[in-house]
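The residues making up each chain are set out below.
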Amino acid sequence: QVQLVESGGGLVQPGGSLRLSCAASRIISTIDPMGWYRQAPGKERALVATITYAGTTNYADSVKGRFTISRDNAKKSVYLQMNSLKPEDTDVYFCWSNNGIRTYWGQGTQVTVSS
């Protein structure tokens, strides 16, 4: 049963923008933190950005100033606006949530930055 469903990945040229969306199922509480991680083949999954229910954000240094995370608590959704994309941002992006007991992951969405 999929608890987090991502959308919005794709192919974009360097310098372009993409917006990722993630919708959570009812099993995930509205108050749980949500966020995004990314993973390249053969590498560990790495933090991109997280956001709490109250809107406190945390970003990886590599995306600060270029990516913006936001959430809509009423829709139990989290978004990642990615601007000024670079080839090194090419990865599979995973939606994340954690209730302090269990971690949930989406199925992943591919982002490719290439000319």
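Here the structure is a predicted model, which means the values were calculated and not measured. (Residues numbered from 1 in each chain as written. Predicted model: local features only at pLDDT ≥ 70, side-chain atom pairs only at ≥ 80, totals over all residues. Heavy atoms only, no water.)

Draft legend 1. Quick look at the overall build of the chain. Per the secondary structure count, the chain includes zero helices and eleven strands. What you see in the chain, going N to C, is helices and strands ordered as β-β-β-β-β-β-β-β-β-β-β. In terms of overall size, the chain behaves like a compact globule, its C-alpha atoms giving a radius of gyration of 13 Å where 115 residues would be expected to give roughly 13 Å. Expressed as lengths along the three principal axes of its C-alpha atoms, the size of the chain is roughly 40 × 25 × 20 Å. In the chain, buried positions account for 43% of the 115 residues. In the chain, once contacts between residues fewer than 6 apart in sequence are set aside, the share between residues at least 24 apart is 53%. Of the roughly 6,100 Å² of accessible surface on the chain, a fraction of 49% belongs to carbon and sulfur atoms. Taking the average location of the 12 positive side-chain charges in the chain and that of its 8 negative ones, the two points are 5 Å from each other. (Helix = DSSP H or I, 4+ residues; strand = E, 2+ residues; numbered from the N terminus. Rg over C-alpha atoms; globule rule 2.2 N^0.38 Å. Buried < 20%, exposed > 50% of the residue type's maximum accessible area, 1.4 Å probe, protein only. Contact = heavy atoms within 4.5 Å. Areas by Shrake-Rupley, 256 points an atom, 1.4 Å probe, with all protein chains shown as cover. Lys, Arg positive; Asp, Glu negative; His and termini not counted. Charge placed at Lys NZ, Arg CZ, Asp CG, Glu CD.)

Draft legend 2. Molecular detail of the nonpolar core. The biggest cluster of nonpolar side chains holds 26 residues, and the ones touching the most others in it are Trp36, Leu80, Met82 and Tyr93. Of all elements in the fold, only strand E3 (18-24), strand E4 (34-39), strand E5 (46-51), strand E7 (67-72), strand E8 (77-82), strand E9 (91-98) and strand E11 (109-113) reach the threshold of two or more residues within this core. Here this core gets four residues from one element, more than from any other, and that element is E3. Ignoring anything within four residues of it in the chain, the contact list for Met82 reads Gly16, Ser17, Leu18, Leu20, Arg66, Phe67, Tyr93 and Val111. (Core = buried A, V, L, I, M, F, W, Y, C linked by side-chain atoms within 4.5 Å.)

Draft legend 3. Spatial organisation of the side chain of Arg38. Relative to the helices and strands, Arg38 resides in strand E4. Residue class for Arg38 comes out buried when judged on its relative accessible area of 11%. Separated by 3.3 Å, the side chains of Arg38 and Ser62 make a polar contact. Arg38 has contacts with Glu44, Arg45, Ala46, Val48, Ser62, Val63, Phe67, Asp89, Asp91, Val92 and Tyr93, leaving out every residue within four places of it along the chain. (Polar contact = N/O pair within 3.5 Å; in protein donor to acceptor, adjacent residues only side chain to side chain.)

Draft legend 4. Seen up close, the side chain of Asp91. Structurally, the position occupied by Asp91 is in strand E9. On the basis of relative accessible area, Asp91 is assigned to the buried category, the value being 10%. For Asp91, the side chain forms a polar contact with the main-chain nitrogen of Ala40, separated by 3.2 Å.

Draft legend 5. Broad picture of unusual backbone geometry. Even without being a glycine, Lys76 presents a positive backbone phi close to 50°. Relative to the helices and strands, Lys76 resides in the loop between E7 and E8. Judged by its relative accessible area of 16%, Lys76 is buried. For Ser84, which is not a glycine, the phi torsion comes out positive at approximately 50°. Structurally, Ser84 can be placed in the loop between E8 and E9.

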